[in-house]
Each structure stands twice: as structure tokens, then as C-alpha cells.
Amino acid sequence: MTVDTPDLVRLFVEDARAVSIEAAAKVLGLIFKSSAAEHPQPCPQCGGTDTFAFNTSKQKWNCRTGGAGGNDAIGMAAHCFGLDAHRRDGFLEACSIVLARPVPDHAGSSAVGTALLERIEQRQLHNRAEASAKAERQAGFRERERAKAVAIYDAAAPVGRYGRLVADYLEARGCGHIGASRWLRHASALPYWHGQDDGRPRELHRGPAMVAPFIGPDLLAIGCHITWIDLTRPPKYRPLLVDQLTGETLPTKKMRGSKKGGLIPLFGEPHAARWVGGEGIENGAAFAAWEGWRGDTFYFAAGDLGNLAGPAEVSSRFAHPTLNRLDSKGIARPVMVAGPLPKADRAREDAMWVAEHVSELVLLADGDSERVMTAAAMARARARHARPGRLIPIVWPRDGCDFAGIAAGARA
Ligand SMILES: [Zn+2]
């Protein structure tokens, strides 16, 4: 019996589907950081600083700049090499990268017989069983992580009578003086977990923090956003956290539980007709202070650009006018930018929710992020959240600044 090329290609694809994120990251030459499962770094395709990450325990990867992500090695390889995994040739090339072997062609066809067909079938069965076990593990992990995130938020004190430190932090960051917030909370000694000690999570730091919820349209918390605070350290007033193994400086913010499709409420109530917000908390609060905390407005933060704008339609990707990167053969190619058009088939959880009744949605751009990618993402956010009769102005800070920086500078 002869086995033709399609069978070899099917086996090849099934083999590629079985490759773990960790194995693919090694093949792709991505950077592994210390002992944690999360490995943030610049995106090989889009650049940035810590905007790309893969996670070996959750089997996930994501690129905030490119507005892309997923839970398979093939998709990650396609993104890192700028391949279109929705097209057959791009998909097969990505498979070939993670397997580090060429796509079988006619020259490779053989007459191996039923043994190969059986191997294909076993591989498929194995992959399907793995996929459903993985989905189950992830659902359990998500549920536990979500419960932990909500518990952290519930245990924190409302900003007002007790949480003066959060108000002092925001004031120091140029966000004016807030009396109280229904949403923002204060934890006086929140542990910061990083890395492991004898297989157990290590407490790297413990200190005061601002805790904000991620909420869904039902206003219930699905996750939380944590900012550790150190009022003795201007200009950002956040602690210096260093990984002892690698010497790298760690982020002082963490998001836990779910964020997808949710938003961080800052001030005011979601039933307001006017909403104002951008990526970060400090930026939104600084803008709110600048316009005098309007009583008719709900101020929010999306957490990151991906959650603000949602994923892009692949066909709207374009080459960056000035930025280049080196491909695997050392040839300079333009960085591809996620385009201004939202993906045609939109899932509700792809981006933050905006209530239907909102008639004015003011979107705040981050001036200290890469200009072209940010502009494309802001246009995408406007297109995604557009409704008949809704105004969506985009506000830009001065070049190279954000609103928090401008506000802090004006104060000084
Ligand atoms: Zn990217």
C-alpha cells in the first residue's frame, strides 16, 4: 500500500500540534527568565520591551503590541516569524519551524504502508486526549486563580477613611486629591510572589498596594489589578523589585484572575453616558484630575492596549514605516503592525466591554509607547466600540509623555 503526501502532511501537522510552548520557545530562541513560568520579553516580530510573553505552565503566549496570542506552539511560531497561520503555506511553515524539519513534499512520499497510517491515527487520538485534558486543567486553574484574585480584592480596604496611602500615591503621581473611590482599594501588606524556593512560591516582597478590580458588565469582579507602592521612591513611587537570580528588575504591577473582556473602574458610575479611559490607571486618573473629576463621567482603565482595542483583522496588518527587525536569515524586514481594523469575528471577551448607553467614549492614548502601533490600536479601539450616535474622540498627550507624567511635571 502506498502512502501519499497528504498523509505525511497530516502526520507532520499532528506532530507539530503536539509540540509544547516550552519546546517551541527553545526552537524559536526565545528568552527564558529565571524560574517563573511567565517569560516576558520584546516581541521578535513587533519589538517593544516586555510586551511579548509565553507561559510554560499555562501553555499560553501573547503579544500585547501585535494584539495576538493563543495556546499553541504553531501560532506562536507564526507570530514570531510574521507568517499568516490562516493560510495553508504560512501554517505549514510554522509547523516546520516548531518541528525543526521541512514540510513533507512529493519527494518525501513513500510506501511505508499501514504502519504510518496507524501512527497518524494514534497521534491524532493522543493530541485530542491531551487537548481535552489541557482544557480541563486550564478551566480549573482559571477558576482557582479568579477566586484568589477576588479574595485579594475583597480583603483590601476601600480608599477613603483607611486607604489614605492610595490617595497619597495618586496625588504624588499627579492625579489630584481623591477623597474616596467606590472601586479602588488599599492593602497594607500584600505579598509579591516571584520564583520558587524548594518548589514553593517565594515571597520576594511584602508591602502596601493599590488593588483595583476587573469587572464584567454585571459589575462583579472577575480579577484584580495590583500596584505595589513605595512613597519614598519618586518619580513613580513604586518599590524596586529585583530577581535575585537574574538581577532583572521586575514589574511592580500584576494582574490576577481574568481580565479579558473586563475593565478596571476608577471613579464614577458605569451608568454615566460619558466614559473616559485608556490603558493604565495613573493615566486615566491624571486626565480625570486635569478635567476636574467630572460628575457626569465614568473613569476606567483597560489594563493594557490589547484589552482596550481587541485583536486586529489579519488583512489590515501593515509594515511599520521606519522600524525593522532581522529575520532568521539575518535580513532586515519591516516590523509588521497589527492593523486598524477589528477582527471580523469578534468574541465578547476579546476586548473590554462598553455599556450600550454610552454616548461619548473618550479614549486616552499612551504617548510613551511606540507611536505607530499605538495609533493603529487606538483606531482599532474606536472602530470596535463604535455605535450609531456615539462620539469616540481620541486624546493624545505631548509626544513621548503620558498624562500622569505631564501632570506630575506641571506640579513640580
Ligand atoms: Zn508581536
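Residues numbered from 1 in each chain as written. Predicted model: local features only at pLDDT ≥ 70, side-chain atom pairs only at ≥ 80, totals over all residues. Heavy atoms only, no water.

1. Observations concerning the overall build of the protein chain
To keep things clear, this is the line we draw: Under the scheme used here, helices are H or I runs from DSSP no shorter than 4 residues and strands are E runs no shorter than 2 residues, and both carry numbers assigned from the N terminus. This radius of gyration counts C-alpha atoms alone. The globule rule is 2.2 Å times how many residues there are, raised to the power 0.38. For every residue, the accessible area obtained with a 1.4 Å probe (protein chains only) is divided by the maximum for its type, and the residue is called buried under 20%, exposed over 50%, and partly exposed between those limits. Should any heavy atoms of two residues lie within 4.5 Å, those residues are counted as being in contact. All accessible-area figures derive from a Shrake-Rupley calculation using a 1.4 Å probe, and residue coverage is judged against the displayed protein chains alone. Counted charges follow a simple rule, with Lys and Arg positive, Asp and Glu negative, and His plus the chain ends left uncounted. Working definition for charges: the position is that of NZ of Lys, CZ of Arg, CG of Asp or CD of Glu.
Summing up its helical and strand segments, the protein chain has 10 helices and 16 strands in all. Taking 2.2 N^0.38 as the reference for a compact globule, 412 residues should give roughly 22 Å; the C-alpha atoms of the protein chain span a radius of gyration of 23 Å, in line with that estimate. With the C-alpha coordinates aligned to their principal axes, the bounding extent of the protein chain is approximately 80 × 55 × 40 Å. Counting across all 412 residues of the protein chain, residues that qualify as buried make up 47%. Expressed as a percentage of contacts within the protein chain between residues at least 6 apart in sequence, the contacts between residues at least 24 apart total 65%. Per element, the accessible surface of the protein chain, about 19800 Å² overall, is 54% carbon and sulfur. One finds the centroid of the 52 positive side-chain charges in the protein chain at a distance of 2 Å from the centroid of its 46 negative side-chain charges.

2. Points about the pattern of salt bridges
To keep it simple, the criterion reads: A pair is scored as a salt bridge if a Lys or Arg side-chain nitrogen falls within 4 Å of a carboxyl oxygen belonging to Asp or Glu.
Taken as a whole, this structure holds 17 salt bridges when the rule is applied. A salt bridge links R17 to E14; the nearest nitrogen and oxygen atoms lie 3.2 Å apart. Here R17 pairs with E14, and both are found in helix α1 (residues 5-17), just 3 residues apart, close to one helical turn. R202 serves as the salt-bridge partner of D197, at 3.5 Å between the closest nitrogen and oxygen. Look at the salt bridges and you will find they share partners, linking R238, K253 and E282 into a network.

3. What about the confidence of the model for the protein chain?
Quick reminder of the rule: A score from 0 to 100, pLDDT tells how confident the predictor is in each residue.
With 93% of its residues at a pLDDT of 70 or more, the protein chain has an overall mean of 87. Every residue in residues 106-112 is under pLDDT 50, and counting partners more than four places away or in other chains gives 13 contacts.

4. Side note on the packing of aromatic side chains
For the record, the criterion: Pairing of aromatic side chains requires ring centres within 6.5 Å, counting the rings of Phe and Tyr and the six-membered ring of Trp. Pairs whose planes differ by under 30 degrees are stacked, by over 60 edge-to-face, and all others tilted. Consider the ring centre and the ring normal. A charge sits over the ring if Lys NZ or Arg CZ is within 6 Å of that centre and within 35 degrees of that normal.
Counted according to the given criterion, the structure contains 10 aromatic pairs. Between the aromatic rings of W275 and W353, the centroid separation amounts to 5.4 Å while the plane-to-plane angle is 80°, which identifies the pairing as edge-to-face. Of the two residues, W275 sits in strand β11 (residues 274-278) while W353 sits in the loop between β14 (332-337) and β15 (360-364), which places them 78 residues apart along the sequence. Note on W275: relative accessible area 0%, which makes it buried. A residue is classified by how much of its surface remains accessible, and W353, at 10% relative accessible area, is buried. One aromatic cluster is present, formed by W275, F298, F300 and W353 through successive ring pairs. Cation over ring: K26 sits above F32, and NZ or CZ is 5.9 Å from the ring centre. Taking the ring centre of Y192 as reference, the NZ or CZ of K254 above it sits at 4.1 Å.

5. Brief notes about the environment of L391
By the element assignment, L391 lies in the loop between α9 (371-385) and β16 (394-395). When its relative accessible area of 56% is taken as the criterion, L391 is described as exposed. Measuring from C-alpha to C-alpha, the distance between L391 and R325 comes to 37 Å, with 66 residues separating the pair along the chain. The residues contacting L391, other than those within four sequence positions of it, are S359, E360 and L361.

6. Re helix α7 (residues 281-290)
Within α7, 8 of the 10 residues are buried, leaving the element largely enclosed by the surrounding structure. Of the positions making up α7, those classed as buried are I281, E282, N283, G284, A285, A286, F287 and A288. A positive phi of about 80° marks G292, the residue just after α7.

7. Description of helix α6 (residues 164-172)
Taken residue by residue, α6 has V166, A167, Y169, L170 and A172 as its buried positions. Once α6 ends, the next one or two residues include G174, with phi positive near 85°.

8. What about the sheet that holds strand β12 (residues 297-301)?
Pairing between sheet strands relies on hydrogen bonds along the backbone, with the strands arranged either parallel or antiparallel. Keep this limit in mind: DSSP-based pairing: two strands are paired if at least 2 bridges between them are found. Axis definition: a line fitted to C-alpha atoms, over the contacting stretch in the case of helices. Angles run 0 to 180 degrees between N-to-C directions.
Sheet architecture is open: 5 strands sit in the order β10-β12-β11-β15-β16, paired in mixed fashion. Every interior strand has two partners, whereas the edge strands, β10 (264-267) and β16, have only one. Sheet topology places β15 next to β16; 2 bridges connect them, and they run parallel. Across the sheet, L363 pairs through a bridge with I394, a residue of β16. Sitting on the sheet, α9 touches β15 and β16, and the angle it makes with β15 is about 165°.

9. Some details on the coordination of the zinc ion
Tetrahedral coordination by four donors sets the ideal angle at the metal to 109.5 degrees; octahedral coordination by six donors sets it to 90 or 180 degrees. Under the convention used in this document: Note that water is not among the atoms used; donors are N, O and S atoms within 2.8 Å of the metal (3.2 Å for Na, K and Ca), so sites may look incomplete. Irregular is the default label, applied whenever a site is not tetrahedral (four donors, all angles between 85 and 135 degrees) and neither square planar nor octahedral (four or six donors, opposite donors over 155 degrees apart, all other angles between 65 and 115).
Around the zinc ion, the protein supplies C43 (SG), C46 (SG), C63 (SG) and H79 (NE2) as donor atoms, at distances of 2.1 to 2.3 Å. Its 4 donor atoms give the zinc ion angles of 105 to 116° at the centre, a pattern that matches the tetrahedral case. Motif for the zinc ion, donor spacing along one chain: C-x2-C-x16-C-x15-H. In this pair, C43 sits in strand β1 (residues 38-43) while C63 sits in strand β3 (residues 60-63), placing the two residues 20 residues apart along the sequence. For the pair C43 and C63, a shared accessibility class is recorded, and that class is buried.

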